[in-house]
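# A closer look at the structure
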Amino acid sequence: MKNLKSREIRLKKRPNGMPDASCFELAETSVPEPKKGEILVRNSFMSVDPYMRGRMVERESYVPPFQIGEPLSGHAVGQVIASESPNFKVGDFVTHMLGWREVSLVGSDPIAQLTTMKIDPGLAPLPAYLGTLGMPGLTAYAGLLRVGALKDGETVFVSAASGAVGTVVCQIAKNKGCYVVGSAGSDDKCDWLKKEARVDATINYKNFKDEAALTAEVKRLFPKGIDVYFENVGGAHLNAALANMRLKGRIAMCGMIAQYNDTALPPGPSNIIAAIPLSLRLEGFIVSNHYDMVGDFMRDMGGWIKAGKMKWHETVMDGIDKAPEAFLGLFKGANFGKMVVKVGPEKAV
Ligand code: NDP
């Protein structure tokens, strides 16, 4: 492994508002040999996720910010090409947190130990471990079943329903016998949700000119109201959901991508008052606080996949140089299902 080179994407500058290509730079670096406890991974696919937008700015949060001049990081999947760790051998397929580079030197620190996992490439193709079988899948599972406290047969509304998290939310709810409506930004995405994810109805939110029209459509599709709203978007979607919740409804606050690039605080949900008479529960959550559910998640997800009750869709961009474009595309709906970047061969040894 001497003289091994790897290309990586570094943060060049911090964005103000919507980021663009000038915030990133591609660089080549020499990869050191692994020391005791470390492994080298040739990455096949890396993930881009909306939460990375928050890491581009300097502020305290549940994950530290990216640093200017340093490579970005995030989930990636690949094959071990050198190992000085007793836990991994050359040839193992793993997911880890040092994406945005072609080759990752994964350390032996506690965070790396906790977040580097062997995976079974026989259960599903590698990119699925960045989506349905990975962090977004666990987000859907914990958010819907624990935070949303979903009961069989309830009514469920999902925003960004055709994305990495949303597709899984829709199908878990269908697997629990629920009535499910998904909102997404194109007719193609809505068709897939109906045909493959088995949702009962869809809303192409771009066809509704304002919040009142969206709210009226949600009302039409939920004549008796919503038991669980899975919030991925914020803005008009949250108001439309609040206007249509049922008594003791739950809102699982997963994300609000519509406001990640805002430069000033947007107006709050104007009808939040609905939470009082309806005894609603709005609860935010971060997936990393629910890692105790990984065992149940993998068991259930494995069963659903084998039974043909969990489908997924991916948008794959080719080459590490395309990673910034892939990431920026998330804010324009350029992805259909999980957005991943192919950064190397699927088999490295
Ligand atoms: P997606 O795969 O859903 O990609 C983002 C999608 O959001 C786009 O494809 C687009 O789809 C939609 N979107 C973008 N901008 C807007 C907008 N202004 N209004 C409405 N829809 C918009 O991403 P993920 O599934 O990875 O993430 C979904 C949400 O979950 C995000 O908010 C993310 O931050 C959050 N999240 C939270 C986690 C947690 O631990 N709390 C963990 C993981 C994700 P469309 O074509 O439909 O517009």
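Everything in this summary refers to the structure shown in the same document. Keep in mind it's a predicted model, so treat the numbers as computed, not measured. (Residues numbered from 1 in each chain as written. Predicted model: local features only at pLDDT ≥ 70, side-chain atom pairs only at ≥ 80, totals over all residues. Heavy atoms only, no water.)

Attention shifts here to the overall build of the chain. Broken down by element type, the chain carries nine helices and 15 strands. Taken over the C-alpha trace, the chain has a radius of gyration of 20 Å; the compact-globule value for 349 residues is 20 Å, and the two agree within 12%. Overall, the C-alpha framework of the chain stretches about 65 × 45 × 35 Å when taken along its three principal axes. When the 349 residues of the chain are sorted by exposure, 55% land in the buried category. Taking as baseline every contact in the chain between residues at least 6 positions apart, the subset at least 24 positions apart corresponds to 68%. Accessible surface for the chain amounts to roughly 15,400 Å². Of this, 54% is attributable to carbon and sulfur atoms. (Helix = DSSP H or I, 4+ residues; strand = E, 2+ residues; numbered from the N terminus. Rg over C-alpha atoms; globule rule 2.2 N^0.38 Å. Buried < 20%, exposed > 50% of the residue type's maximum accessible area, 1.4 Å probe, protein only. Contact = heavy atoms within 4.5 Å. Areas by Shrake-Rupley, 256 points an atom, 1.4 Å probe, with all protein chains shown as cover.)

What follows deals with helix α4 (residues 164–175). End to end, α4 covers 17 Å across 12 residues, agreeing with the expected 16 Å (1.5 Å per residue, within 8%). Within α4, 12 of the 12 residues are buried, which leaves the element mostly enclosed by the surrounding structure. Those residues of α4 not exposed but buried are A164, V165, G166, T167, V168, V169, C170, Q171, I172, A173, K174 and N175. In the segment just after α4, G177 is the residue with positive phi, at about 75 degrees. (Expected span 1.5 Å × (residues − 1).)

What follows concerns the pairing of strand β3 (residues 39–47). Burial analysis of β3 places nine of its nine residues in the buried class, which makes it a mostly covered element. Of the pairings in the sheet, the one linking β3 to strand β4 (residues 76–83) comprises seven bridges and is antiparallel in character. When the bridges of β4 are listed, R42 appears paired with Q79. Of the pairings in the sheet, the one linking β3 to strand β6 (residues 103–106) comprises four bridges and is antiparallel in character. Following the sheet pairing, I39 is matched in β6 by V106. In this structure, β3 lies alongside strand β15 (residues 338–342), joined through three bridges in antiparallel fashion. (Pairing = 2+ DSSP bridges.)

One can describe the packing of helix α3 (residues 135–147) onto helix α8 (residues 294–306) by two numbers: an axis separation of 10 Å at closest approach and a directional angle of 100 degrees. By the criterion of interaxial angle, the relationship of α3 to α8 is roughly perpendicular. Mapping the contact onto sequence places G137, L138 and Y141 in α3 and V294, D296, F297, R299, D300 and W304 in α8. (Axes fitted to C-alpha atoms, helices over the stretch in contact; angles between N-to-C directions. Parallel < 35°, antiparallel > 145°, perpendicular 65-115°, else oblique.)

Core analysis: the biggest nonpolar cluster contains 72 residues, and F24, M46, V48, W100, L144, V156 and F327 have the highest contact counts within it. Counting residues per element, this core draws most heavily on α3, which supplies seven residues. Setting aside its immediate chain neighbours within four residues, V156 contacts L144, L150, A173, C178, Y179, V180, V181, F222 and V228. (Core = buried A, V, L, I, M, F, W, Y, C linked by side-chain atoms within 4.5 Å.)

Now for unusual backbone geometry. Trans peptide bonds make up most of the peptide bonds, and negative phi angles are found at most residues other than glycine. Despite not being glycine, R198 shows a phi value in the positive range, around 65 degrees. Accessibility expressed as a relative area gives 29% for R198, which makes it partly exposed. Look at K248: it is not a glycine, yet its phi comes out positive at around 60 degrees.

The next point concerns the site of the ligand. Taken together, 27 residues form the shell around the ligand, and within it K189, Y205, Y260, V287 and N335 come nearest. Y260 is positioned such that a nitrogen or oxygen atom in its side chain is 2.7 Å from an oxygen atom of the ligand. Residue N335 places a side-chain N or O atom 2.4 Å away from an oxygen atom belonging to the ligand. When the ligand is considered free in solution it has 910 Å² of accessible area, and contact with the protein chains removes 92% of it. Of all the secondary structure elements, the ones that give two or more residues to the shell around the ligand are α3 and α4. Its residues assigned to classes, the shell around the ligand shows 18 nonpolar, eight polar and one charged. (Near = heavy atom within 4 Å. Polar contact = N/O pair within 3.5 Å; in protein donor to acceptor, adjacent residues only side chain to side chain. Nonpolar A, V, L, I, M, F, W, Y, C, P; charged D, E, K, R; others polar.)

This brings us to α3. Here α3 lies mainly inside the structure; 11 of its 13 residues are buried. Every buried residue of α3 is accounted for by M135, P136, G137, L138, T139, A140, Y141, A142, G143, L144 and V147.

Across the sheet, six strands lie side by side as β10-β9-β8-β11-β12-β13; this open sheet has parallel pairing. Edge positions in the sheet fall to β10 (201–204) and β13 (281–284), since each of these pairs with one other strand and no more. Each strand axis lies, on average, 15 degrees off the axis of its neighbour in the sheet, ignoring direction. Judged from the three bridges that link them, strand β8 (residues 155–158) and strand β11 (residues 226–231) form a sheet pairing that is parallel. By the bridge assignment, F157 is partnered in β11 with Y229. Across the sheet, α3 is in contact with β8, β11, β12 (245–253) and β13; its angle to β11 comes to roughly 150 degrees. This element, helix α5 (residues 187–195), spans β9 (179–184) and β10 of the sheet and lies at about 170 degrees to β10.

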